[in-house]
Amino acid sequence: MLRFASSVLSLALASLASADLYWTAASDQDGDFLVTLVETGNGAPIQVEVPAADLNLTEHILITAEVDEPAGYWAIHVDWTTTTGSAQRTTLLAEMGAENIDGATLRPRWNLQYVEPQPLDGDGEGPYARFRIDPDPSAGMLLHMVQTDVTQPRPLEHAIGDVNADGSVNVHDLLIVIDSWSPLCDPDEACQGDADFDGDVDSIDILQILAHFNDEQSSDPLHGGGDDSDPVEASHVAWTWAPVTEESATNLVSMIWAPSWSTPEEVAAQSLTKPEGHRVVFFFANIVNDLAMHPEDAYVTVDPDTGLQTLTPSPWIDHGIEEVRNRISEWLDRFIAAGGDLDAVIVDNEHTLGVHRFLTASGDSWTPVMNDPRFVELEAELGFNNLHQIAWGTEYATSWNSVMGTRFDEALNEAVFDVIRNAFPDARCSNYMSYTQVDDHPTLDLHGHTVCRESPSCGTHDAFSFYGRMTQWLGAAMNPAYAEPAELGEDPWGAMMVSMHRMRSIDHSTDRPLMAWVTYRDWPGDPGSDSQFVGSAYYDEMVLQLGMHGVREFIYWVPQNVFHDEPDHNNSHQNQTRLDNLMQALSHRVGDEADRSALSQVSFNEFIIATPVTRGDATIWRVSFREDVAGVELRFEDGETVYLHPDSGELGTWYEHDSNRRFEMNVTGSGPLITGVTPAAP
């Protein structure tokens, strides 16, 4: 963490004099908040890091732009409150009097708006004084900065450009913008007319209104677009993160967002706009995500030299369970009183008790746990007593994650899902990446480490993501289930193979159904872990194979901030149609009544992935082919052979036969025995 004292003002960022400055806020992959002072030239940015584990997420982070006139420096103060109530400030400094390459005075910017140097008064107030960051613990998401300390003037449930919140975008909204014209909104008043929430009212707000002129509040008001309450007649459906804007889609239904800042009454009203059976409420942000982050559950240590307090996480989260359970109980009472109805609750709580929470914590995170009197019982569960042995990829890390996966899932059940199902007994429930994999059927994580997760999971369904991401370590990994020479391969077939390897690991580990998280085919992945499905027909094969393995409810994630982005952002009609067609194909081929056969995990040497279901008197197969294979010969137990090849333009095919016949199976039991292979033309 960077701290500058007044004695070092002369050393501050002289190199930044050649360009404009601006400051941004985001959260990193560990959930920590980063406020960065950046120049648009070549100078290195400087940052202040606010650890998520130490931050009181119910408080705002405040950024104050102040001028130290005698010294001629901008002082960008970052203020926040820790979980123990301690006020913290870090200051980033930059010269303000130097000239940039255009000869103009250096001026910091916020959200592309220049901020003219103006000193604050004795109370720290002024026309350009303060910006607020609304903390959002979702790692990697951009944080929205608001230039006022009051609630946003236009409720999020109204159409973009509807600045007077009357349900439509019209000439009255234009008149409000003209009447409220201002280069910067008053921090103490609602910024009426600020259609784009950038802290001023200007020509851009007029353009926003004109772009959405005559738009009206939709049936899915949170997103400004969506589906109506017509029934969904399908066995396979995708519940979507973003709104459904493709009118022809029959098997897609957008989830109802229930973030911590929305009222139960708002969510209840939206629930009735959805088809029966698909009123899916998505709990988001700290309505449930602070379950394992309650400050009274954490360990507090004090540095004897500085007196600074450090919080480290605890595997015992009793206070978090109690607070979240009370919060959900109150929320549900109000939701029901408002006439709300739900068929499923989806949670994406990634702030778990996994080893990543403890290995990235500041200071020694293991000693307080080992000194806790409750550790005696935990030690017996883990099978070892020295937590300092835990390191990435080791058997100790695997053991910790297995035990903590069970604890976290049980906590989610107690705090969230049991409460929901007491009121709605038939509600389907799942949490992202809460699943079961026993050590008899291990699989691989993103870094190629063998992983198992012996947990009863939570809710009614397991949940796992199938995004096609690969790393060099995963691509070079060997199959943990078989002693074989083949590497997985960092390519589309490798991504297809590991997806099925994980799916069958879960299939053999539990009888619970699975909800599969998928994304759009052209999602590029993350830095260092590219998605191999970009532009590949293996994306289609993966979705179809998941359906053949018993997945009925898919959760369709796209990287979109539904509260600020346009409905089509990363959510094209083409990609919606693609997924809808796959859902229709599964509904037609598999249906509700099909019984699947659990085959063994795939070998990395295989040429095809073939999965059957039995529907009535027919056995239906989906066969996916390795890209260098033009066709294969398979043999029935009665000796008859069939030749299968990919359909035109695809990498797979359907095949159906009488259910009283059976293929000969390969030695591992992962699929039919291949008696002949035709290579694809070079």
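To be clear, the structure that these remarks concern was listed above.
On a predicted model such as this, the values are computed, not experimentally measured, just so you know.

What counts and how
- The written sequence of each chain sets the order in which its residues are numbered from 1.
- Totals for whole chains, interfaces and linings use all residues, but because this is a predicted model, local features are given only for residues with pLDDT of at least 70 and pairs of side-chain atoms are given and counted only at 80 or more.
- With hydrogens and water set aside, each side-chain value is computed from the structure's full complement of heavy atoms.
- Where helices and strands are cited, they refer to DSSP runs of H or I of at least four residues and of E of at least two residues respectively, numbered from the N terminus.
- Relative accessibility under 20% of the residue-type maximum defines a buried residue, over 50% an exposed one, and the middle range a partly exposed one, all with a 1.4 Å probe and only protein chains included.
- A contact between two residues is defined here by any heavy atoms of the two lying within 4.5 Å.
- Only the protein chains shown count as covering a residue, and every accessible area follows the Shrake-Rupley method with a 1.4 Å probe.
- Should DSSP find at least two bridges between two strands, the strands are regarded as paired.
- As a rule, the C-alpha atoms of each element are fitted with a line to give its axis, helices using only the stretch in contact, and angles between N-to-C directions run from 0 to 180 degrees.
- Expected helix span is given by 1.5 Å per residue-to-residue step, counting one fewer step than there are residues.
- To be clear, the arc concerns the directions from the helix axis to the C-beta atoms.
- Polar contacts, as counted here, are pairs of nitrogen or oxygen atoms within 3.5 Å of one another; within protein the pair requires one atom able to donate a hydrogen and one able to accept it, and residues that are adjacent in sequence qualify only if both atoms are side-chain atoms.
- By definition here, a salt bridge exists when the distance from a side-chain nitrogen of Lys or Arg to a carboxyl oxygen of Asp or Glu is within 4 Å.
- By the definition used in this description, the sense in which the near helix is turned from the far one sets the handedness, with an anticlockwise turn below a right angle giving left-handed and a clockwise turn giving right-handed.
- Residues are grouped as follows: Ala, Val, Leu, Ile, Met, Phe, Trp, Tyr, Cys and Pro are nonpolar; Asp, Glu, Lys and Arg are charged; every other residue, Gly included, is polar.

Trainee: Provide a residue-level description of the overall build of the protein chain, including the pertinent values.
Mentor: Counting secondary structure elements, the protein chain contains twelve helices and 32 strands. Relative to its 682 residues, the protein chain shows a buried fraction of 55%. Within the protein chain, contacts between residues separated by at least 24 positions form 67% of all contacts whose residues are at least 6 apart in sequence. Just so you have it, the protein chain exposes about 28,400 Å², and 48% of that area is on carbon and sulfur atoms.

Trainee: Let's hear about the sheet that holds strand β14 (residues 280-284): which residues, and what values?
Mentor: Pairing in this open sheet of four strands is parallel, and the strands run β13-β14-β17-β18 from one edge to the other. Each edge of the open sheet carries a strand with a single partner, namely β13 (256-259) and β18 (428-431). Direction aside, neighbouring strands of the sheet carry axes that sit 20° apart on average. Direction of pairing for strand β17 (residues 344-347) relative to β18: parallel, over a ladder of four bridges. If you follow Val 347 over to β18, its bridge partner there is Asn 431. Relative to β13, helix α3 (residues 264-271) is tilted by about 175°, and along the sheet it contacts β13 and β14. The sheet contacts of helix α8 (residues 395-423) involve β14, β17 and β18, and relative to β18 the element is tilted by about 150°.

Trainee: So what's going on with helix α4 (residues 318-337)? Which residues, and what values?
Mentor: Each turn of an α-helix holds 3.6 residues, which means side chains three or four residues apart point in the same direction. Between the first and last C-alpha of α4 there are 29 Å, a value that for 20 residues agrees with the 28 Å anticipated at 1.5 Å per step. Buried within α4 we find Gly 320, Ile 321, Val 324, Ile 328, Trp 331, Leu 332 and Phe 335. All buried residues of α4 project into a common sector of 105° when viewed along the axis, lining one side. Facing away from the buried surface of α4 by more than 90 degrees, the exposed residues are Asp 333 and Ala 337. Among the structural elements, β13, α3, β14 and α8 are those in contact with the buried residues of α4.

Trainee: Could you give me a rundown of the side chain of Thr 471, with the residues and numbers involved?
Mentor: Secondary-structure assignment places Thr 471 in the loop between β21 (462-465) and α9 (472-475). Polar side-chain contacts of Thr 471 include one of 3.1 Å to the backbone nitrogen of Leu 474.

Trainee: Tell me about the environment of Asp 511, residues and numbers included.
Mentor: Structurally, the position occupied by Asp 511 is in the loop between α10 (492-509) and β22 (514-518). Overall, Asp 511 belongs to the exposed group, its relative accessible area being 81%. As for Asp 511 and Thr 436, which are separated by 75 residues in sequence, their C-alpha atoms are 9.8 Å apart.

Trainee: Lay out the environment of Leu 252 with the relevant residues and their values.
Mentor: Mapped onto the fold, Leu 252 is located in strand β12 (residues 252-254). Overall, the relative accessible area of 4% leaves Leu 252 in the buried class. For the pair Leu 252 and His 278, spaced 26 residues apart in sequence, the C-alpha to C-alpha distance is 9.7 Å.

Trainee: How would you explain the pattern of salt bridges if you had to name every residue and give the values?
Mentor: Applying the stated criterion to the full structure yields 18 salt bridges. Residue Arg 334 pairs with Glu 265 through a salt bridge whose shortest N-O separation is 2.9 Å. Here Glu 265 lies in helix α3 and Arg 334 lies in helix α4, a separation of 69 residues in the sequence. Judged by its relative accessible area of 33%, Glu 265 falls in the partly exposed class. Among the salt bridges present, the one from Glu 541 reaches Arg 622, with a minimum N-O distance of 2.6 Å. You can see Glu 541 sitting in helix α11 (residues 538-548) and its partner Arg 622 sitting in strand β28 (residues 618-625), a full 81 residues away along the chain. The same class applies to Glu 541 as to Arg 622, namely buried.

Trainee: Now, about the packing of α11 against helix α12 (residues 573-589): what can you tell me, with residues and values included?
Mentor: The geometry of α11 relative to α12 is characterised by a closest axis approach of 10 Å and an angle of 35° between their N-to-C directions. Note on packing geometry: the crossing formed by α11 with α12 is right-handed. Residue-level contacts link Tyr 539, Asp 540, Val 543, Leu 544, Gly 547 and Met 548 of α11 to Arg 578, Leu 579, Leu 582, Met 583, Ala 585 and Leu 586 of α12. Residues that form the contact of α11 with α12 fall into these classes: nine nonpolar, one polar and two charged.

Trainee: Provide a residue-level description of the pairing of β21, including the pertinent values.
Mentor: Here β21 shows two buried faces, one formed by Asp 462 and Phe 464 and the other by Ala 463 and Ser 465. With four bridges joining them, β21 and β22 adopt parallel strand pairing. Within the sheet, the bridge partner assigned to Ala 463 lies in β22 and is Met 515.

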